Structure formats: C-alpha cells, structure tokens
Number of protein chains: 4
Amino acid sequence: MEQLNVGIIGAGRIGRVHAETLAFRIPEARVASITDIRREAAEAAAASFGIPAVADSAEELLASPEVEAVIICSSTDTHADLIVRAAEAGKHIFCEKPVDHSLEKIDRALEAAARAGVKLQIGFNRRFDANFARVRRAVVEGEIGTPQLVHIISRDPAPPPAEYAAASGGMFLDMTIHDFDMARFLTGDEVEEVYTAAGVMVDPEIGRAGDVDTALIVLRFRGGAIGTIDNSRKAVYGYDQRVEILGSRGSIATANCYPNEAVVSTATEIRRDLPLNFFMDRYTESFVEELRAFVRAVVDDTEPLVGGADGRVPVVMALAARKSYEENRPVRLAEVGPTR
Amino acid sequence: MEQLNVGIIGAGRIGRVHAETLAFRIPEARVASITDIRREAAEAAAASFGIPAVADSAEELLASPEVEAVIICSSTDTHADLIVRAAEAGKHIFCEKPVDHSLEKIDRALEAAARAGVKLQIGFNRRFDANFARVRRAVVEGEIGTPQLVHIISRDPAPPPAEYAAASGGMFLDMTIHDFDMARFLTGDEVEEVYTAAGVMVDPEIGRAGDVDTALIVLRFRGGAIGTIDNSRKAVYGYDQRVEILGSRGSIATANCYPNEAVVSTATEIRRDLPLNFFMDRYTESFVEELRAFVRAVVDDTEPLVGGADGRVPVVMALAARKSYEENRPVRLAEVGPTR
Amino acid sequence: MEQLNVGIIGAGRIGRVHAETLAFRIPEARVASITDIRREAAEAAAASFGIPAVADSAEELLASPEVEAVIICSSTDTHADLIVRAAEAGKHIFCEKPVDHSLEKIDRALEAAARAGVKLQIGFNRRFDANFARVRRAVVEGEIGTPQLVHIISRDPAPPPAEYAAASGGMFLDMTIHDFDMARFLTGDEVEEVYTAAGVMVDPEIGRAGDVDTALIVLRFRGGAIGTIDNSRKAVYGYDQRVEILGSRGSIATANCYPNEAVVSTATEIRRDLPLNFFMDRYTESFVEELRAFVRAVVDDTEPLVGGADGRVPVVMALAARKSYEENRPVRLAEVGPTR
Amino acid sequence: MEQLNVGIIGAGRIGRVHAETLAFRIPEARVASITDIRREAAEAAAASFGIPAVADSAEELLASPEVEAVIICSSTDTHADLIVRAAEAGKHIFCEKPVDHSLEKIDRALEAAARAGVKLQIGFNRRFDANFARVRRAVVEGEIGTPQLVHIISRDPAPPPAEYAAASGGMFLDMTIHDFDMARFLTGDEVEEVYTAAGVMVDPEIGRAGDVDTALIVLRFRGGAIGTIDNSRKAVYGYDQRVEILGSRGSIATANCYPNEAVVSTATEIRRDLPLNFFMDRYTESFVEELRAFVRAVVDDTEPLVGGADGRVPVVMALAARKSYEENRPVRLAEVGPTR
C-alpha cells in the first residue's frame, strides 16, 4: 500500500496524539518527519512512534520533498504563518484550532492555501465524535424537523493555569471555539448575533488575567433558531459534553460518555463512576477519525470535511462573544467582520 | 377532627382540581361553598365533590361566616380585586398565579392582605413537586455548593389557542411565570437582569396575536450565578419539565416523569413511552401538597411557603423579559419596578 | 351517587390502607363497618377514616344487612373460613393473599363463593401497577412476540422478624406468592414445573425457623418459555421490583421507581436517591386500582380481574417450589395438586 | 524497543483480529509469522497487517527460532494438540477458547505447558472488558459485600448456521463457555452444581442438530451464592451482555454498550439506537487488552491473568450443564470430572 507521507510540526500533547494515531491507527499514512522548537520533544516522539526523521525546524521539514502533508500542532500564534509557508511549499495542511486570533492573518492563510490549491483541514475533531455525528444526522435526515432551540453544554474538569488562559486568547477563543463550531455543524446554519453573560466563578486569577471562566452565550441563527452555549472551566464531576436540539418534529439530546456502564446500589445511594475525564479520553476516536478523513481527502482529492472557512467563522463568533461580554449587549457577527 | 371550611371561587379546570383535592385528599379541610360566574359549573363541581353550598356570587361566598379561607381560581383579571375583598372579609386566601398583570393592582392586593392580617398563598405549585423540592434541598444543604449555572427547561406539549395566548398576558406572564418562580425558589436568590431571545416558531397565529411561542431568557442573579429559561409552547413528545444547576461542588439535574418505567427493545430501537403529558398528570401531587401546606399554614398560624411577594416578583420578571424581547437588550428588573 | 357499602375485616396495616383508599379515593364506595380482633385497632381506623360502625366480630359484620361486600385483611389462617362465611352471607368478597396454605381449604372457599354466586377477588395488587400492566400489554399486543425468557426480580429492603417468617408459611407462600402471580399474569401462561435453589444468606434466625431468605426459582411454562424468580429478603438499597421478558420480536424490561428523578454529580460519583423503599410507597396506586376494579366488578356485575383460581394456583406453585427446595430436584406442579 | 516475536496459527476471523491488534495497537510485540490451512487466508492477513512471513504449516511456524510466542486461533479440535506441540517447541502460548471438548485432551495440553515451563493464556477476553472488570473490582474491594445472587445475561443477535452449532460442541461449549468463565471471574468463587432449563425457541434446525438455542442455567457456588446464566442465540435488538450481582452490602449491575449516547424524542416515543451489535464491536478493546496482558506476562515473566486451569473449568461446567439438560436434574461438577 502506498502511504501518505506526513510531517508533524509541534510535538506537544496534541502533536503526540496525532503522531501516535498516524503510527498505529491509520495504515494509509506514515509520519515521515517531526519537528519542535524543543528538539528533545521531537526526538522523544520520534522514538515512541517510530518516526524516521527529526527536522531541525519547520522550514527544514517543509523543505523535505518527501513530506506531502503537514499537521500543524505548534502554538496558535504560529499557525497562520505556517499555513502560508506550507501552502507555498505545496504541502497539504491539517491545522489545529484556532487558526489565529486575527481575522486578517486567517484570511491571508486561507488565501495562501486556496492559491496553492492544497487541502486545508482545521482540527475541529468533535465533528467526528459519534454522539455529535448522530445529532448532525438527525438534523440532516429530518428526524427532528426544523431546529428551534439548541443547547451546547461544554464544561472542563479543571481550569488551565491563569497565565495560559490569558495567552490562549481567552476562554472564547480557546475553549468555546469548539462549541461555536458545533453550533454551525449541528444545525447546518450560521449564527448572526450573540449575547454573552459571563463571569469569574471558578478562579479569581483568571479574572485578574482579564478572562472569564463561566459563560452563557445566546446564539441567534439565520434560519430563526435560537440557542445557548454553556461553558464552565470547572465541573467538579469532570468533562461535561452534551448537546440538545429541539426541532419541530422531535428532539435529540446526548449524554456524557463513561468508562463503564456499571451502576452500584448501596444503602445510601444508586451511583455510577464519573464520566471520561477530559478530551484525551472522551474524544479519542474523534482524533483518529479526523486524521483518517484528512488523509482520505488528500489521497482521494476531495474537499476536507472541515475547511478553511470553518476555521474562520468560529473566530468571528468568539470575537463577537467577547465584545458582547464587554459591552453587555447583543452583538451581530457582522460588526466584528465578514463571516464568509 | 376540626376541619377548615374553605370556599372556592371559580369552578373551571383548576378550580375543580382544588375542589377534588380538598374533598378526597386533605382530611383537615372541607369545601363549604363554591361559586362561579357560570352557575352550572359551580353546581356540577358541587355535585361531583359533595360540596354542600353553591353561592350566587363571590360576594355571597365571601359574606358567609362559615367560610374561613378562599381559593381564588377565577380569571386572572379578577384575582387582585378578589384578594382585596377576601382580605377585607377576613378570609385567608389561596390565589392562583399570576396575581395580576399590573404591579399597582398586585401591590394593592398585597397591602390589603397584610393590613387584614390574613394568610395569602400564591399557587406556584411546582415548589411542591418532588423533583424540584429535591433540587432546592441540594442547594440549601450545600450538596452542590454555590450555584453558578442554572437551567430551567419548560416546554408544553401543545400551544393554547392564539386568542387565549393574547388574553393571558402573553407567554411570559402566563407560562414562564412558573419558571421565574422556579428560578427564585431553586436558588434562593433574586434575578437582577434578564435578556430575552424569542420568536414565533410553533404557530403563526400566536405571532399575529402579538405573542411569542419559543424563548430563551438569560437570568443574572444577584449572587453572581447566571442561568437560562428555555420555553416552547410545543414539544411534540409532550410536557418537558427539567432543571439543572451547576454548583461549585457538584451539579443536580432532573429528568422528566413517565407513566411507567418500562423499556422496550426491538429490532429497530430501544424505546420507552412518552413522559406524562401535561401539568394535570405531571404535577398531580404538587397540587395536593400546596393545598395541604396552605391549610396547615392557616391552621397552625404560620407563614405560607409561597407568600404575596413571591407572587409579585415573577410578574416583574415577566414584564422585564417582555421589555427585553421588544428592545433586544438586557433589562434590569429595577427598570420595570421594585421587586420588594 | 349510590355507593357500595363495604365492610372491612382486619384493621392491621393493609386493612388501614384499604380503609383509607375507600374513604378518600373511591367515591363509588364507602366503608360501612370495620372489625378487628383487637377492637381498639378497629376503633382507631374508624376514627381516622370516618367509618360509622365498629363491629364486635366478623360474624356481626357479616350479619349486617347494610354491608354488601367485605374486604378480608385478617391473618391468613382465617381467610378461607371467612370467605366461606361471607359467601354464605351473600357478601361479595375481596380477600388478601394468600387465600390459605392448604389447597383443600382454598378449594372449599372457592366452591362456597361459586355456589353463592358472589364476586371473589384476590389481593394481587401488582397486576394493577403501571409497570407490570405495561409489560402485560406488550405481551398481549404482540409488541415483543412470543415470550421465551422471563425474569422476575423481587427483593425486600429488610427481612421480617424470624417468628413472622415461620408463621407466614415461609418465604414462598408469603413473599414469592406475588411473583408466582406475576409469572402467570405477565405471560398469560401457566407454569408446569419449578426448580428451586435457595439458602439462608441474610438472617440465620430465619434459617433456624426452617425458612430461607434468598432464592432462585426456575419456571417452565406450558407454552415453552422458561424463566426465573429472584428473591431476597434484604437488598440494602431498598425495594427492588423488576421484570424482564425476552420475546421473539423484542424484549421489555422495567426499572425501579424512585421518589424523584434528580441526579447529583459530585467530585466522586454520579448518584441518585434510593428507590421507593417498600410496598406501601412503591405500590400505592395499585392498591387504589385493585379496589376500584373490585368495586366496579361488583357494581357492574362483571368478572373480577383476579378471580379465585388466581388465588389458588400461586399456592400450588409455592408448595412445589418448597418441595423442590427440600428435595433439590425439579418438581412438576401436578405432583402437588391440580392447578385448575 | 525490543519486540516480542509472535506467530499466529489460524487466519480466520479471530486470527485476523489478533493480527491487526498486534500490528497496530501493541508496540511491544510484532507478528513474525502466520499460517493457516488455507494458505491464501494467511497470505491475505500477512498483506493487510505487514506480517513478514507466511508459514506453510503450524509445524513450520513452530520450528522457527524467531517465534517466541504463538497465538492459536485454529479450529477448536486442533487446540489441545497445538498447545502440546508449541509447548514442546518452547513457545509461550495464547490459545482461543475452548481449549477442547475433552477433559483428557485438555489435561494433556495443560501438563505439556506446565512441563515446558511456558506461559499459557486462554482467550477469555471478557475478563478484560471495562464493564466486567469494574464488577470484579466491586467484589474484590468489598464494595458490594459478599455475593449472594449472580446473574449473567448473554444473548447473541443471531444464531450461527445449524451445522456450525453442532460442530462447535453445542451452545454450552461454544457460547456459554464465556459465561461460565464470567461466573468464576466475577465472584472469585467456584461453581459446584448446575441445573439447566433449555429449549429450542429460535431455530428448529438447531434442535434437529441436537443442540439448544435458549437456556437458563442455575449455578450454586461453593461459597453459598446462587446465580443464573441466561442465554439466547437470538435477541432481535442485538448483542445483550449484562451482569448483575447482589451482595450483602449492595449490588452492581452493568448495562449494554451503545454506538452513541443520543436519545431521540418524537411524537410517539423516546428512543435510542440499538446496542453495539456483536462481539467484534462490543469487545474490541478487550481483545486488545488480553493480548497486551499476554505480551506483558511473557515479557515480565509473570503468571497469565487467565491460566490453563481457567480454560479447563468452564469445559467441566459446560459438560455438567449439558448433562443436567439431558437428565433434567441438578448435576454436580464432580460428576463430570475434577475441576482442579
């Protein structure tokens, strides 16, 4: 079997996940090279996952003629620029979310990819989760009719360090970005206006860093539906990832995922173990599926299921949500920037 | 056993429910008299539930020295006035929700009751529901810590006729009023500001009558928590009544109630029957419990668990929610009127 | 409304339940008289539920021309004889389970009732429970096809005193008797053979009294299905009442019933409160429904839904189950006595 | 990393599963060689999973000095003999269940492995399933106290062809064998006596082939607990794999596993998709875990978690269950053969 040769830029947590996935779960691809600004991180990953080459830099990796596609897992502020350079080098691109915090830089990156004619897929892995894919299917197939009320609940088990919270662009760009993507994916519709109620309830340090840790964001969709995103940086019981849509013909709601289906009944309560604790456990299979889809899009020369525009709109939504929070009023996405 | 003698004003649907409850479920009270503007309705109820007297009018009923307490179940526009007259007649009062659509009239009614020193309980029956009482207990006892995110889902199985929708004061005063009460009851906190996103998605007639049938209302609580009320006039699967609170130490969420706990597995799906279809089935026991509590408050001379102020604040909330809908901006309750 | 005049023989726990039900929940009947070998028990019940007469004895009660029907709630050893006397007095009869431990005495009682042409209903209340009625309906309507595997789980929250266990005829006659009735009711089929594996796991005193407290009873049905009854005198989490049937076209399974539908998620577990603790809470409505059905059968002159033969067969099953336990071999019901 | 060199004997369905697992999921091992009596099957597997060598025969594979351990996935009648030869060749052995239908042959195989000092692990993969491992943990850690009542429900989505049913040794040796292992694993106890009620309810052809397709098997454990195994060759809703244990301090029960956690509510029902359909989907991870454990036992020189004796006792149980079925009486395992 001919294998797609992939280069990985960034050997941090998510870079290692992708490396392991490509090494063990996707026979159609192999990791030909990896790089990281901390060379020892790249070397460790290479050793763990049998990667034959460690590049000194992204430049070196992108210059390798063997590499046909790159997975960009470096820090967010490097994404846009790396997309441009990878595109110019003729490499197909899978880039982690968010593309950037600046719409201008995103636009430049998207244009570069378009100009070069390379594939560009954004790392919104949740689209490939079995629960959310099932919800999407219910909408597409008319099983629940026209969506009217949409709820996305997305809570983390514990907040990141406050310094990370600030550097990451804040909760809306770092965490809610996934939920903004879900809102679009699940409904197949676009949001026109948002209203944010948010606060600091979990960690005062996050507040001092200028961010929030708890939020409700009201979404108004073009098609008339309304919805909410519910975010918390800390649900003590763990990772809480649910959606619910009421449609004209029915509703669909997902529950959390658990490490087992055992229920214990004692003299004081009926109980079960906590849900899968964080995204590495909860979304394991979706990380595999998104890469499988990317490799397939490249090999079969088809459109990626999560394209560049899908990477841009959620950033607009995040900026609008932030603006709404700061001004305590509903904000139309058009105020922040064009969504197409 | 000495029984409390109760008079019932209004022999419509809810009046009959209260009459039946008093006749068969609450040995500590008896219905001494009933009246209705349609005399035949009062007579039918009297025959069904063994009520010895049918009064020609509310005046006549209130003039009866035997009657110690009244249950006001007539149309909303008569509530405030009847409270005043019942108070002046020295009768204890149980009044259906809402007290009135006008804060001035509510204030007059509350003052009359206070001046007369009679008990006044408002018919927010859901406080006596086992699910919601359990949630309240979790908050009171610290089981889930400090509330941070509050969700109230309240959907009807089918919309009322559009003409009713208009006459009732609109969805916020007629239907959401219960949810506004829940928001206060469950958290033990007061809402300071609301923001409404709403629309007409179920029945265009309701829109033509000037009302909405689908809404999301964001609540900001004095204590810092934020929340939503989710309303629909029509969930095709039936009556949907759930709440969920995320607190600093845990969360509590309630599910719907069903006519049975049977699950059927077939070659195409795993299924169960639809939930209890509407409030008469879903909240049966809460109607009994609220009257039991009222009778007890009168007999024991204690404060009613749902007092006059509890009847006033939700009206302020409803007016603010409507204003927010009309102006598409967050509205502070203080803009509409004092909440105390 | 003409009311059926009922006499109650036995003012113990279940007698009081029936008295309260007739007093407050069934307008079509009234309790005209009550009696108990402890006169003060009868008087207390009369005071609580507004019963106008307390009879000195069952004889006196049965001699009252006013009494049209009797509810027999006295101790099991008096049931058969009282049925005979009530039948001879021309009274319709509702008798608690079991009718007797002796098939001869049961036969005499059934014959007396048949001869007198009075209604005879046995107190197998679980047939009127919403869960089990739903399962029955699934079988009757073909929703799950032909039953193949049947499981009845029936566990008490705590064992009775060992002396009661002995006097009651043992677990099979006292507790499992309900499950034997369920096996027949749910499937609409008859059991031909049983095999019992049982032991003393809960309370050694029960063993010393010659009884068991834990059992599995295999049932072979005439129609080919096989099944089990699972009994324990003590499930620490409370009353466990479930059934499950696998049929050729699907399965149906019921879950326990709970005081509320709230789920609490904490840092250590996802939990809910314990199920309704015992039969008085779990089967409240079924006690009402069985009496309603009895009153209706008398008033409308129709066959009771649980007739005399339904009171006899479970006793045969219990005797066969005991014999199987003692001899550790499958026992055909025909070895113990005719089932018709 | 040093990798364990594994040879696979048998490239049928389960052989391919193990080959794929070793190729992609267990970095500590590699498949060095594969063989099958149908050479093209071995070649196809070699191509799919990058296996460097295809052996002409088991003899040739066992003669390869490179091969350190073998996975025996050939037909059941070859297992015992291959264990002997692999042991004599000094290879560590993982053998699919059942070892054989003859206790004499099993004993010879176990003795050969013991004599050679090689590891022998039997393919009871369900021990490595998250649900059943959780139940085992509840028992081991005393979470539910002493087991009293044990239920194992194990139903297939569809029966095998009748000819397979016969060749496989019948349902008890082919299908129930896993449940016999579960009974021992979950409780940590041994069964002393079984009683079988069984029949042909699914496919008359299975009956004509001398086998049954539906069964209830009562288990009496040495420690006093009693239990049942519930088997059906056909549950129309799919693969049904649950266990439930009542202990002195609580109970634990597992539910089925589903492809998603979405619930759809419509105008007619509340429903979810069918459970994972068969063992390849339901037990995917347990197949990985059992091989991981085997590789670890070999590499670390520790006792396999499922040893040779664990392969023998379930065969005794199956033979006793069959004898009980034929003679319709409880059968002690000692009647069939020693369990140690």
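Residues numbered from 1 in each chain as written. Chains lettered and ligands numbered in written order. Predicted model: local features only at pLDDT ≥ 70, side-chain atom pairs only at ≥ 80, totals over all residues.

Glancing now at the overall build of chain A. Tallying secondary structure elements over chain A gives 14 helices and 15 strands in all. Reported as C-alpha extents along the three principal axes, the dimensions of chain A are approximately 55 × 55 × 45 Å. For chain A, with 340 residues in total, the buried portion stands at 59%. Within chain A, contacts between residues at least 6 apart in sequence are counted, and of these 70% link residues at least 24 apart. (Helix = DSSP H or I, 4+ residues; strand = E, 2+ residues; numbered from the N terminus. Buried ≥ 20, exposed ≤ 12 C-beta atoms within 10 Å, placed from the backbone. Contact = placed C-beta atoms within 7 Å.)

All names here are of chain C. Strand order across the open sheet formed by six strands is β3-β2-β1-β4-β5-β6, with parallel pairing between neighbours. Strands at the two margins of the open sheet, each flanked by one partner only, are β3 (53–54) and β6 (120–122). Pairing of strand β5 (residues 92–95) with β6 involves three bridges; the strand directions are parallel. If you follow Cys 95 over to β6, its bridge partner there is Ile 122. Strand contacts of helix α4 (residues 76–88): β1 (4–9), β4 (69–72), β5 and β6, with the helix running at about 165° to β5, the strand carrying the most contacts. (Pairing = 2+ DSSP bridges. Axes fitted to C-alpha atoms, helices over the stretch in contact; angles between N-to-C directions.)

Least-squares fitting of chain A to chain B yields an RMSD of 0.1 Å, with the transformation described by 0.0 Å of translation along the axis and a rotation of 180°. The symmetry that links the two subunits is that of a two-fold axis. When each C-alpha of chain A is compared by its distance to the rotation axis, Arg 329 of chain A comes out closest, at 2.9 Å. Same-surface contact between copies: 100% of interface residues of chain A are shared with the interface of chain B. (Least-squares fit on C-alpha atoms with pLDDT ≥ 70 in both.)

Our focus in this paragraph is the interface of chain A and chain B. With 25 residues of chain A at the contact, the number on the chain B side is 25 residues. Going through the elements one at a time, β7 (147–155), β8 (191–199), β9 (214–221), β10 (226–232) and β12 (250–254) of chain A are the ones with two or more residues in the side of chain A that touches chain B. Of the residues that constitute the side of chain A that touches chain B, the class distribution is 12 nonpolar, nine polar and four charged. (Nonpolar A, V, L, I, M, F, W, Y, C, P; charged D, E, K, R; others polar.)

What follows is about the interface of chain C and chain D. Every contact between the two is made by 25 residues of chain C and, on the other side, 25 residues of chain D. Split by residue class, the side of chain C that touches chain D holds 12 nonpolar, nine polar and four charged.

Our next topic: the relation of the copies chain C and chain D. By a simple turn and slide, chain C fits onto chain D: the slide is 0.0 Å along the axis, the RMSD is 0.0 Å, and the turn is 180°. The fraction of interface residues of chain C whose copies in chain D are also interface residues reaches 100%, indicating that both copies meet through the same surface.

Our focus in this paragraph is the confidence of the model for chain A. Taken over all residues, the pLDDT of chain A has a mean of 95, while the share at 70 or more is 99%. Here the predicted complex carries an ipTM of 0.95, next to a pTM of 0.96. (pLDDT = per-residue confidence, 0-100.)

Attention now moves to the nonpolar core. Counting 238 residues, the largest nonpolar core has Ile 83 and Ile 93 of chain C together with Ile 34, Ile 83 and Ile 93 of chain D as the members making the most contacts within it. Ignoring anything within four residues of it in the chain, the contact list for Ile 83 of chain D reads Ile 72, Ile 93, Cys 95, Ala 109, Ala 112, Ala 113 and Leu 120 of chain D. One finds Ala 55, Val 306 and Val 313 of chain A together with Ala 42 of chain B within the second-largest nonpolar core, a separate group that totals 237 residues. (Core = buried A, V, L, I, M, F, W, Y, C linked by C-beta atoms within 7 Å.)

Another aspect to go through is the environment of Arg 16 of chain D. Take Arg 16 of chain D: it is sitting in helix α1 (residues 13–24). When neighbours within four sequence positions are excluded, Arg 16 of chain D is seen to be in contact with Ala 11 and Ala 45 of chain D.

Relative to strand β13 (residues 262–265) of chain D, β12 of chain A runs antiparallel, the two sharing four bridges. The residue of β13 of chain D that forms the bridge with Ile 252 of chain A is Val 264 of chain D. Here β13 of chain D pairs with strand β14 (residues 270–272) of chain D via three bridges, running antiparallel. Residue pairing for β14 of chain D: Ser 265 of chain D is matched across the bridge by Ile 270 of chain D. Count of turn residues in the β13 of chain D/β14 of chain D antiparallel hairpin: four residues.

All right, on to the domain arrangement of chain A then. Residues and elements named next belong to chain A. Each assigned domain of chain A is listed with its residue range as follows: domain 1 (4–118) and domain 2 (127–278 + 313–336). On a C-alpha basis, the centres of domain 1 and domain 2 stand 28 Å from each other. On the side of domain 2, six residues touch domain 1, which itself brings seven residues to the contact. In terms of residue class, the side of domain 1 that touches domain 2 is made up of four nonpolar, two polar and one charged. (Domains from an automatic or database assignment.)

Below, the discussion takes up the sheet that holds strand β3 (residues 53–54) of chain D. Residues and elements named next belong to chain D. On the basis of which strands lie adjacent, the open sheet formed by six strands has the order β3-β2-β1-β4-β5-β6 and parallel pairing. Looking at strand neighbours, the two that pair on one side only are β3 and β6 (120–122), the edges of this open sheet. Note that strand β1 (residues 4–9) and strand β2 (residues 29–35) share six bridges and pair parallel. When the bridges of β2 are listed, Asn 5 appears paired with Arg 30. Helix α4 (residues 76–88) rests against β1, β4 (69–72), β5 (92–95) and β6 of the sheet, and its axis sits at about 165° to β5.

Counted residue by residue, strand β1 (residues 4–9) of chain B has five buried out of six residues, so it is predominantly covered. Crossover β1 of chain B to strand β2 (residues 29–35) of chain B through helix α1 (residues 13–24) of chain B is right-handed. (Right-handed = clockwise from strand over helix to strand, strands pointing away.)

Let us look at unusual backbone geometry. A cis amide bond links Lys 97 of chain C to the next residue, Pro 98 of chain C, at an omega of -15°. The phi dihedral of Asn 328 of chain D falls on the positive side, at around 45°, and the residue is not glycine. Along the chain, the position of Asn 328 of chain D falls in the loop between α13 (308–327) and β15 (331–332).

Take the environment of Ala 42 of chain D next. Residues and elements named next belong to chain D. On the secondary structure map, Ala 42 appears in helix α2 (residues 39–49). The class for Ala 42 is buried, based on 26 C-beta atoms found within 10 Å. Sequence spacing of Ala 42 and Gly 15 is 27 residues, and the spatial spacing of their C-alpha atoms is 9.4 Å. When residues no more than four places from it in sequence are discounted, the contact partners of Ala 42 are Ala 11, Ile 34, Thr 35, Asp 36 and Val 54.

Residue and element names in this part refer to chain C. Compared with the 16 Å implied by 1.5 Å per residue over 12 residues, the 17 Å span of helix α9 (residues 176–187) between its first and last C-alpha is a close match. For α9, a buried count of 12 out of 12 residues is recorded, marking the element as mostly surrounded by other parts of the structure. Within α9 the residues assigned to the buried category are Thr 176, Ile 177, His 178, Asp 179, Phe 180, Asp 181, Met 182, Ala 183, Arg 184, Phe 185, Leu 186 and Thr 187. Count one or two residues on from α9 and you reach Gly 188, which has phi positive near 70°. (Expected span 1.5 Å × (residues − 1).)

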